[in-house]
Amino acid sequence: MQDLFKNIADFIKSQFPGQEFIPLHKPIFTGNERKYVVETIDSTFVSSVGEYVNRFEEMMCHLTGTSYAVALVNGTNALHLSLLMVGVEKGDEVISQSLTFIATCNAISYIGAHPLFLDIDKDSIGLSPNAVKTYLEQNAEIKSDGFTYNKITGRRIKACVPMHTFGLPCRIDEIVKICNAWNITLVEDAAESIGSYYKGQHTGTIGKIGVFSFNGNKTITSGGGGALVTNDEAIAKKAKHLTTQAKVQHPWEFIHDDIGYNYRMPNLNAALACAQLEQLPKFIENKRELAAIYHAKFEELNISYCKELSNAKANYWLNAILLHNREERDAFLTYMNNNGVMSRPAWELLHRLPMFKNTPKGVLENSEWIADRLVNIPSSVRL
Ligand SMILES: Cc1ncc(COP(=O)(O)O)c(C=O)c1O
């Protein structure tokens with residue numbers, strides 16, 4: 001086994017020559033980042049008002065093909081705001097996956113709502129339409145108010161937040177169809193999938209609202225940042241209003257007409273975001289090239305790996321291999337991390353964390369199968 005691990009470590013190192021330690025994903029700033037950031041400092045408009053915030057929103061609309069984008073401080077608050085926008089209330093349930101980053105379900109909890117963990121598909125490693133359909137058919141009912149209720153908990157199931165894991169699009173159109181039939185609104189957690197497409201449509205644009213993250217570890221970064229995209233004008237307008245403390249526009253008066261949030265992306269971050277977004281096509285091409293090189297090697301070594309569905313085009317934010325079991329996964333992680341190649345397991349399944357241990361859930365056997373085997377390997381853009 002050690003020989004195989006060494007072979008893989010040497011191969012990964014050969015893709016990132018001249019580096020002592022290969023991180024999982026590091027940002028690269030080879031475009032207009034410095035220019036735009038300095039311009040922003042010189043303009044003094046470093047906070048939430050400024051030309052780059054608006055420009056970034058326009059660029060996000062152009063990229064995703066949506067009518068509206070709202071730039072936010074990070075992906076977590078973009079999720080929080082989106083769930084509020086689609087009417088999630090305290091005591092509701094929100095369908096999501098147990099195999100996701102904690103932020104997906106923290107956002108649900110901020111409202112006092114509860115995640116309902118359903119299984120993923122083994123191939124897309126995103127929420128499984130079949131798991132959603134089966135759970136709802138067995139455990140849910142539509143009541144006279146038109147909403148779906150969980151017969152086990154008695155709670156309303158108001159929304160569904162599938163996640164495009166590591167940038168691999170899930171079967172989002174099928175999930176939308178099922179959710180529509182149950183009057184459940186879809187918010188896509190596309191935090192990891194900027195530049196990923198499903199059946200030709202950008203991820204995050206198939207549900208009512210899509211959410212992105214521009215954290216430093218993502219395909220493109222604004223330092224910290226997030227965005228939501230939607231085609232719903234009313235949602236976009238309200239979201240933008242709430243991100244700026246719900247302040248009513250006036251030359252000098254401080255009038256606020258709602259409980260708002262300080263969630264708008266600062267211009268300084270937006271300057272970085274614009275410069276990064278300009279380079280997205282180049283980054284994605286580079287990342288897909290690396291994924292193809294990895295895939296060829298894994299096939300030669302007879303190692304399983306995660307790949308896009310045939311009707312999807314992934315950004316391959318993080319490449320992932322699948323070992324035979326948890327013991328082998330841990331041996332691989334130990335070898336790689338001790339030998340200068342950063343690797344990480346998938347997140348601890350959320351239903352196993354103390355805050356979510358009493359949370360309702362369906363059968364999670366694919367989630368458990370994947371969590372026991374999956375390891376992310378270095379996937380940075382190489383220029
Ligand atoms: C799946 C997922 N959802 C939400 C987030 C939250 O984004 P942020 O870190 O920008 O708050 C992240 C990333 O960090 C993520 O990977």
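Keep in mind that what you see is a predicted model, and the values were worked out from it rather than measured. (Residues numbered from 1 in each chain as written. Predicted model: local features only at pLDDT ≥ 70, side-chain atom pairs only at ≥ 80, totals over all residues. Heavy atoms only, no water.)

### Some details on the packing of aromatic side chains
On inspection of all chains with the given rule, the structure shows 10 aromatic pairs. Aromatic pair Phe-298 and Tyr-305: ring centres 6.0 Å apart, planes at 45 degrees, arrangement tilted. The pair Phe-298 / Tyr-305 is uniform in exposure class, with both members buried. Each residue in the set Phe-5, Phe-332 and Tyr-335 is aromatic and connected to the rest through ring pairs, giving one cluster. Above the plane of the ring of Tyr-36 lies Arg-55, whose end atom (NZ or CZ) is 5.3 Å from the centre. (Phe/Tyr/Trp six-rings, centres within 6.5 Å; stacked < 30°, edge-to-face > 60°. Buried < 20%, exposed > 50% of the residue type's maximum accessible area, 1.4 Å probe, protein only. Lys NZ or Arg CZ within 6 Å of the ring centre and 35° of its normal.)

### Some words on empty space enclosed by the protein
Applying the stated rule across the entire model yields 1 cavity of 30 Å³ or more. By volume, the largest cavity amounts to about 40 Å³. Every residue lining the largest cavity is listed: His-25, Lys-26, Pro-27, Ile-28, Lys-218, Thr-219, Ile-220, Gln-276, Phe-283 and Val-381. Taken together, the residues that form the lining of the largest cavity break down as 5 nonpolar, 3 polar and 2 charged. (1 Å grid on protein atoms, 1.4 Å probe; cavity = no way out; pocket = protein on both sides within 12 Å on 5 of 7 lines; lining within 4 Å. Points joined across faces, edges and corners; volume = space filled by probe spheres on them. Nonpolar A, V, L, I, M, F, W, Y, C, P; charged D, E, K, R; others polar.)

### Looking at the layout of surface pockets
Take a probe with the size of a water molecule and roll it over the atoms, and the empty space left behind shows itself. Considered as a void within the structure, the largest pocket measures approximately 490 Å³ in volume. The wall of the largest pocket is formed by 28 residues, among which Phe-101, Asn-217, Lys-218, Trp-317 and Trp-347 lie closest to the centre. Sorting the residues of the lining of the largest pocket by element identifies α4 (75-85), α5 (102-110) and β15 (344-345) as the ones contributing at least two each. In the lining of the largest pocket, the residues fall into 12 nonpolar, 12 polar and 4 charged. Of the volumes computed, that of the second largest pocket is approximately 410 Å³. Lining the second largest pocket we find 15 residues, and of these Val-49, Thr-244, Lys-247, Gln-249 and Arg-264 sit closest to its centre. (Helix = DSSP H or I, 4+ residues; strand = E, 2+ residues; numbered from the N terminus.)

### Observations concerning the sheet that holds strand β14 (residues 319-322)
One open sheet holds the 4 strands; their spatial order is β12-β14-β16-β15, and the pairing between them is antiparallel. Both edges of this open sheet fall to β12 (304-305) and β15, since each of them pairs with a single strand only. Note: β14 against strand β16 (residues 374-377), 4 bridges, orientation antiparallel. Bridging across to β16, Ala-320 finds its partner in Asn-376. (Pairing = 2+ DSSP bridges.)

### Quick notes on the site of the ligand
Of all residues adjacent to the ligand, which total 16 residues, the nearest are Gly-75, Thr-76, Glu-192, Ser-213 and Lys-218. A distance of 2.8 Å separates an oxygen atom of the ligand from a polar atom in the backbone of Gly-75. In this structure, a nitrogen atom belonging to the ligand sits 2.8 Å away from a side-chain N or O atom of Asp-189. Compared with its free state, where it exposes 380 Å², the ligand has 94% of that area covered by protein. Looking at the shell around the ligand, the element that brings in the most residues is α4, giving 3 residues. For the shell around the ligand, the class distribution of residues is 5 nonpolar, 8 polar and 3 charged. (Near = heavy atom within 4 Å. Polar contact = N/O pair within 3.5 Å; in protein donor to acceptor, adjacent residues only side chain to side chain. Areas by Shrake-Rupley, 256 points an atom, 1.4 Å probe, with all protein chains shown as cover.)

### Section: the environment of Ile-293
In this fold, Ile-293 is placed in helix α10 (residues 280-301). What makes Ile-293 partly exposed here is its relative accessible area of 29%. Sequence separation between Ile-293 and Phe-11 is 282 residues; the distance between their C-alpha atoms is 10.0 Å. When residues no more than four places from it in sequence are discounted, the contact partners of Ile-293 are Phe-11, Gln-15 and Arg-382. (Contact = heavy atoms within 4.5 Å.)

### So, the environment of Ile-152
Mapping Ile-152 onto the fold places it in the loop between β5 (148-150) and β6 (156-161). Residue class for Ile-152 comes out exposed when judged on its relative accessible area of 61%. Residues Ile-152 and Glu-192, spaced 40 residues apart in sequence, show a C-alpha to C-alpha distance of 32 Å.

### Describing the sheet that holds strand β13 (residues 312-313)
The 3 strands lie next to each other as β9-β8-β13, forming an open sheet whose pairing is antiparallel. Of all strands in the sheet, those with a lone pairing partner are β9 (201-202) and β13, marking the two edges. In this sheet, β9 lies alongside strand β8 (residues 197-198) in antiparallel orientation, the contact comprising 2 bridges. When the sheet's bridge partners are listed, Tyr-198 is paired in β9 with Gln-201.

### Some points on the packing of helix α3 (residues 51-64) against helix α9 (residues 267-278)
Helix packing for two helices is described by the angle between their axes and how far apart those axes are. Close contact between α3 and α9 brings their axes to 8 Å; oriented N to C, the two are set at 35 degrees. Between α3 and α9 the crossing geometry is left-handed. The segment α3 lies against α9, with Glu-51, Tyr-52, Val-53, Arg-55, Phe-56, Met-59, Met-60 and Leu-63 engaging Asn-267, Ala-270, Ala-271, Ala-273, Cys-274, Leu-277 and Glu-278. Its residues placed into classes, the contact of α3 with α9 shows 11 nonpolar, 1 polar and 3 charged. (Axes fitted to C-alpha atoms, helices over the stretch in contact; angles between N-to-C directions. Left-handed = near helix turned anticlockwise from the far one by under 90°.)

### Here we look at unusual backbone geometry
Within the chain, Phe-166 stands out as a residue other than glycine whose phi angle is a positive 55 degrees. Summarising the element assignment, Phe-166 is placed in the loop between β6 and α7 (172-181). Residue Phe-166 is classed as buried on the basis of its relative accessible area of 2%. At Ala-246, a residue that is not glycine, the phi angle is positive and equals roughly 50 degrees. Take Ala-246: its relative accessible area is 0%, and that puts it in the buried class.

### Structural notes on helix α6 (residues 129-139)
Pro-129, Ala-131, Val-132, Tyr-135, Leu-136 and Asn-139 are the residues of α6 that are buried. Projection of α6 onto a plane perpendicular to its axis shows the buried side chains occupying an angular sector of 165 degrees, all on one side. Facing away from the buried side of α6 by over 90 degrees, the exposed positions are Asn-130 and Gln-138. Those residues of α6 that are buried lie in contact with β2 (93-97), β3 (114-118), β4 (140-142), β5, β6 and α7. (Arc of directions from axis to C-beta.)

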